[in-house]
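Commentary on secondary and tertiary structure
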Amino acid sequence: MTASPSPSAPLRLLAVHAHPDDESSKGAATMAMYAAAGIDVLVATCTDGSRGDIQNPAMEGEPHPKRDMAGARRLEMNRAAGVLGVRQRWLGFVDSGLPEGDPLPPLPVGSFATQPLERAAAPLVRLVREFKPQVILGYDENGGYPHPDHIMAHRVAAEAFEAAGDPARYPGTGEAWAPSKLYYDRAFSPERFRALHLALEESGLQSPYAERIAAWLEADAEGHTPPAPTHATTTQIECGDFFEARDDALRAHRTQVDPEGFFFAVSPAMQRRVWPWEDYSLIQSRIPVDLPEKDFFAGLR
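What this report covers is the structure whose coordinates are included nearby. Because the structure is a prediction, the values reported are computed rather than measured.

1. Some thoughts on the packing of helix 4 (residues 69–84) against helix 9 (residues 243–252)
The interhelical angle for the contact between helix 4 and helix 9, taken along N-to-C directions, is 170°, at an axis separation of 8 Å. It follows that helix 4 is roughly antiparallel to helix 9 by the angle criterion. Along its contact with helix 4, which presents Glu76, Arg79, Ala80, Val83 and Leu84, the element helix 9 presents Ala245, Arg246, Asp248, Ala249 and Ala252. The residue inventory of the contact of helix 4 with helix 9, partitioned by class, reads six nonpolar, no polar and four charged.

Written out as structure tokens, the structure reads:
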């Protein structure tokens, strides 16, 4: 199976996310930048977010999320997509929740992470064949962090990239389409957190990343470097002009994001000075590539 991009074809990016709000905390400035440049950007949200807890103390007394968390998060998702200038589609699965306890309890019956892979991936294969993205953006094998829905979101993104171009697979989900490139997001890259941590300390400001940095250094026998990533950064997208849009999209998810919290510890201006990129790993490409890259669509324009 080979992708055969046309230089004149409209460029399209599909980002696969586990829950509403993940699109705003991972790759949001990149998506906003591409959307502003005329790229067609579509977010596929795997689950309804119905088992999310209220993370913002200011929302504790709000009746809507307590009565209907999925409905509240649907409204938040609409607002965030508008801020980023992207389109969004729901894949229709129920949030699995984050199991807690020792031993861990079983996941809720019928939730996203309990689905057989072909059933979980079928709506995304259909969407890929309909939307025809050249680029798919997903999570790594650990889901970015090991939430069951994030891990399943990784699995369905990888499956859709492999299967959507094969007309023998997933019959009844549309005409085959082979995306050209698959990327994994590195929103939690140790290199970025360390750079921001040092910049805060050098400015005399308190760093919320100190505990995380200490854990990395403790795990390193030499005590000098963050852990080696599963997938190294191959692609840095310069998108600092859209950090405010990213933050506004995050704030739109009022049930999930504390506007005084972790995500807003470093000002957009400082981030532009220290780390004006978002980081990604190119995992598969069906076209020739020259690494490192600064553009998802390198080789496709």
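Next comes the rest of the description.
2. Quick look at the pairing of strand 4 (residues 135–138)
With burial as the criterion, each face of strand 4 is covered, one bearing Val135 and Leu137 and the other bearing Ile136 and Gly138. Where strand 1 (residues 12–17) lies against strand 4, three bridges are found, and the strand directions are parallel. Bridging across to strand 4, Leu13 finds its partner in Val135. In this structure, strand 4 lies alongside strand 5 (residues 181–185), joined through four bridges in parallel fashion. Following the sheet pairing, Val135 is matched in strand 5 by Lys181. Handedness of the crossover is the feature at issue here: the chain leaves strand 4, passes through helix 6 (residues 148–163), returns alongside strand 5, and the resulting connection is right-handed.

3. Some details on the environment of Gly27
Tracing the sequence through the fold places Gly27 in the loop between helix 1 (22–25) and helix 2 (28–36). The buried category is assigned to Gly27, whose relative accessible area is 3%. When the C-alpha positions of Gly27 and Asp185 are compared, they lie 7.0 Å apart, and in sequence the two are 158 residues distant. Residues in contact with Gly27, not counting those within four places in the same chain, are Asp185, Glu278 and Tyr280.

Criteria and cut-off values
Residue numbers here run from 1 along each chain, matching the order of that chain's written sequence. Under the rules for a predicted model, residues below a pLDDT of 70 receive no local features and side-chain atom pairs below 80 are neither given nor counted, while totals for whole chains, interfaces and linings still include all residues. Side-chain descriptors were evaluated using all non-hydrogen atoms of the structure, hydrogens and water having been removed beforehand. Each axis is a line fitted through C-alpha atoms, and for a helix only the stretch in contact is used; angles between axes span 0 to 180 degrees, taken between their N-to-C directions. Put simply, DSSP marks the helices as runs of H or I at least four residues long and the strands as runs of E at least two long, and each gets a number from the N terminus on. Geometric relationships in this document are graded by angle, where less than 35 degrees denotes roughly parallel, more than 145 denotes roughly antiparallel, 65 to 115 denotes roughly perpendicular, and other angles denote oblique. Any two residues having at least one pair of non-hydrogen atoms within 4.5 Å are treated as being in contact. Classes in brief: Ala, Val, Leu, Ile, Met, Phe, Trp, Tyr, Cys and Pro nonpolar; Asp, Glu, Lys and Arg charged; the others, Gly included, polar. Exposure categories follow from relative accessible area, calculated using a 1.4 Å probe and restricted to protein chains: below 20% of the type maximum is buried, above 50% is exposed, and the middle band is partly exposed. Strands are treated as partners if at least two bridges between them are detected by DSSP. If you view a crossover with the strands going away from you and the path from the first strand over the helix to the second runs clockwise, you call it right-handed.

These results come straight from atomic positions and should not be treated as a statement about function.
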